[in-house]
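One letter stands for each residue in the lines below.
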Amino acid sequence: MLSAVQHMHVTFKEEVWLWRGEAEDRYRLEPGMHTRVLGDGTALHDAQATTREHTTTLLDKARAAGLDRSPSDRSYPDLALLAHLQHYGAATPLLDVSVDPLIAFWMAVFADADDPVKAGSKDHLDGRILGILRPSEDRWISPVDDRSYTEVAAQSESGYLWYRPPYVAERLRIQRGSFILGAFTTPHEESTLNLNLGDVDSDFLAKRMTRMGQRGKPAQRTAEVICFKIPRSSKPYLRELLVSRSGLDSETVYPIAWTDHPIQSFARRFGRTIPL
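Every chain is numbered on its own, with residues counted from 1 as its sequence reads. It should be noted that, the model being predicted, local features are given only for residues of pLDDT at least 70 and side-chain atom pairs only at 80 or more, the latter also being counted only at that level, while totals for whole chains, interfaces and linings use all residues. Only heavy atoms go into the side-chain values, all of them from the structure, while hydrogens and water stay out.

In this description a helix means any DSSP run of H or I spanning at least four residues, a strand means any run of E spanning at least two, and both kinds are numbered starting from the N terminus. In terms of helices and strands, the protein chain carries 11 helices and 7 strands. If one aligns the C-alpha atoms of the protein chain with their principal axes, the spans along those axes are about 60 × 40 × 35 Å. Throughout, exposure labels follow a simple rule: accessible area from a 1.4 Å probe, protein chains only, divided by the maximum for the residue type, with under 20% read as buried, over 50% as exposed, and the rest as partly exposed. A burial count over the protein chain gives 50% of its 276 residues as buried. Accessible surface area values rest on a Shrake-Rupley calculation with a 1.4 Å probe, where residue burial reflects the displayed protein chains alone. A total of about 13600 Å² of accessible surface is found on the protein chain, and carbon and sulfur atoms cover 50% of it.

Printed below as a string of structure tokens:
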């Protein structure tokens, strides 16, 4: 599995994949704010507007709590503040991804972000590694972009965006973290984002894997998302590999400074499972 993911990561010049690891493979590809909006019973035709409304409320409350200031006492713009809140557990319209597939594997096999030592807490469940195609450069959001969230959300309606945030949290730097931002589309079994999931009958990924390392023209890409299932039985072995071979450990991936505790407490009040 590590070889297959790495093959997709480095082989195809015109395809750059952004990686996401999930300890459970039973959920939609869905940002936390979308989960909150759906859980509140919002009508689907109002879901995008409701997402914007409550994201704006989240930003306002974070600023009122004084959480929008950098260590040098500069104010974070909307997107940087959302990235900061997201990495401490608040539900936002941003979807976490990393340029490093090993970080995605870590997230999939170390299930509990609040207590990573409880690594095996979801070993009875299959996990997955997701790759999302990096969009064209005209859909990249700069780390220093100071537009309002509302303005950027309007742009995302014509296609998903890739946001590379400034390192407002040490976790973002260590995890090589970035984010996908897309419009809230009518939810189906796989996702609420405006991503092209392709045609199941033309599974280009499976066709590529069967010919991995062989000469010849590879199957043409037909989707903007790929998925590798992690069988539950492989999680302990993958954990051992990551710890012993990659230099990753819980303290490295999830550093917590004393000054982080206020934002952790705030973020929990606006988590994915908290009703609107």
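That was the structure; now back to the text.
Next up on the list: unusual backbone geometry. A positive phi angle is found at Arg-176, which is not glycine, with a value near 45°. Mapped onto the elements, Arg-176 comes out in the loop between helix H7 (170-174) and strand S6 (177-181).

Turning our eyes to something else, we now look at the side chain of Thr-51. Locating Thr-51 in the fold gives a position in helix H3 (residues 47-64). Among residues more than four places away in sequence, those in contact with Thr-51 are Met-33, His-34, Val-37, Pro-93, Tyr-149 and Phe-184. Residues count as neighbours in contact if any of their non-hydrogen atoms are within 4.5 Å of one another.

The element strand S3 (residues 127-133) is largely enclosed, with a buried count of 7 among its 7 residues. Of the two faces of S3, both are covered, the one formed by Gly-127, Ile-129, Gly-131 and Leu-133 as well as the one formed by Arg-128, Leu-130 and Ile-132. In this description, strands pair whenever DSSP reports at least two bridges between them. As paired strands, strand S1 (residues 17-22) and S3 are joined by 6 bridges and run antiparallel to one another. Across the sheet, the residue bridging to Trp-17 is Leu-133, located in S3. As paired strands, S3 and strand S7 (residues 225-230) are joined by 6 bridges and run antiparallel to one another. Paired with Gly-127 across the strands is Ile-230, a residue of S7.

The subject of this paragraph is the packing of H3 against helix H4 (residues 78-86). One way to put it is that H3 packs onto H4 with a least axis distance of 11 Å and a crossing angle of 85°. Relative to H4, the element H3 is oriented roughly perpendicular. Counted together, Thr-55, Leu-58, Leu-59, Ala-62 and Arg-63 of H3 and Asp-78, Leu-81, Leu-82 and Leu-85 of H4 form the full contact between these two elements. For the contact of H3 with H4, the class distribution of residues is 6 nonpolar, 1 polar and 2 charged. Helix axes are fitted only over the stretch in contact, all axes being lines through C-alpha atoms; the angle between N-to-C directions runs from 0 to 180 degrees. Orientation is classified from the angle alone, with under 35 degrees giving roughly parallel, over 145 giving roughly antiparallel, 65 to 115 giving roughly perpendicular, and any other angle giving oblique. Classification used: nonpolar for Ala, Val, Leu, Ile, Met, Phe, Trp, Tyr, Cys and Pro, charged for Asp, Glu, Lys and Arg, polar for all others including Gly.

Attention now goes to the nonpolar core. Residue types Ala, Val, Leu, Ile, Met, Phe, Trp, Tyr and Cys, when buried and joined through side-chain atoms within 4.5 Å, form a set referred to as a nonpolar core. If you look at the biggest cluster of nonpolar residues, it comprises 39 residues, and the most contacted ones within it are Met-8, Trp-19, Ile-129 and Phe-228. Breaking this core down by element, the ones donating at least two residues are helix H1 (2-10), S1, strand S2 (95-98), helix H5 (101-109), S3, helix H8 (204-210), S7 and helix H9 (235-245). Apart from residues lying up to four places away in sequence, Ile-129 is in contact with Val-5, Trp-19, Arg-20, Gly-21, Ala-104, Phe-105, Ala-108, Ile-226, Cys-227, Phe-228 and Ile-230. Counting 29 residues, the second-largest nonpolar core is a separate cluster that includes Leu-79, Ile-141, Val-168 and Ile-263.

To continue, consider helix H6 (residues 149-156). Taken together, the buried positions of H6 are Tyr-149, Val-152, Ala-153 and Ser-156. Down the axis, H6 shows its buried residues gathered within 105° of arc, on one side only. Buried residues in H6 make contact with H3, H4, strand S4 (140-141), strand S5 (161-163) and S6. Here the arc refers to the directions that run from the helix axis out to each C-beta atom.

Should a side-chain nitrogen of Lys or Arg be within 4 Å of a carboxyl oxygen of Asp or Glu, the pair is scored as a salt bridge. Enumeration over the complete set of coordinates arrives at 15 salt bridges. A salt bridge links Arg-208 to Glu-15; the nearest nitrogen and oxygen atoms lie 2.8 Å apart. Of this pair, Arg-208 sits in helix H8 while Glu-15 sits in the loop between H1 and S1, and the two are 193 residues apart along the sequence. For Arg-208, a relative accessible area of 5% translates into the label buried. Relative accessible area serves as the criterion here: at 9%, Glu-15 is assigned to the buried category. Measuring nitrogen to oxygen at the nearest pair gives 2.3 Å for the salt bridge that ties Glu-157 to Arg-52. Of this pair, Glu-157 sits in the loop between H6 and S5 while Arg-52 sits in helix H3, and the two are 105 residues apart along the sequence. One continuous salt-bridge network, built from bridges that share partners, spans Asp-25, Asp-126, Lys-229 and Arg-232.

In this section: the environment of Thr-185. In this structure, Thr-185 sits in the loop between S6 and H8. The class of Thr-185 is partly exposed, set by a relative accessible area of 25%. A C-alpha to C-alpha distance of 23 Å links Thr-185 and Asp-203, two positions 18 residues apart in sequence.

Any functional reading would require information that these geometric values do not contain.
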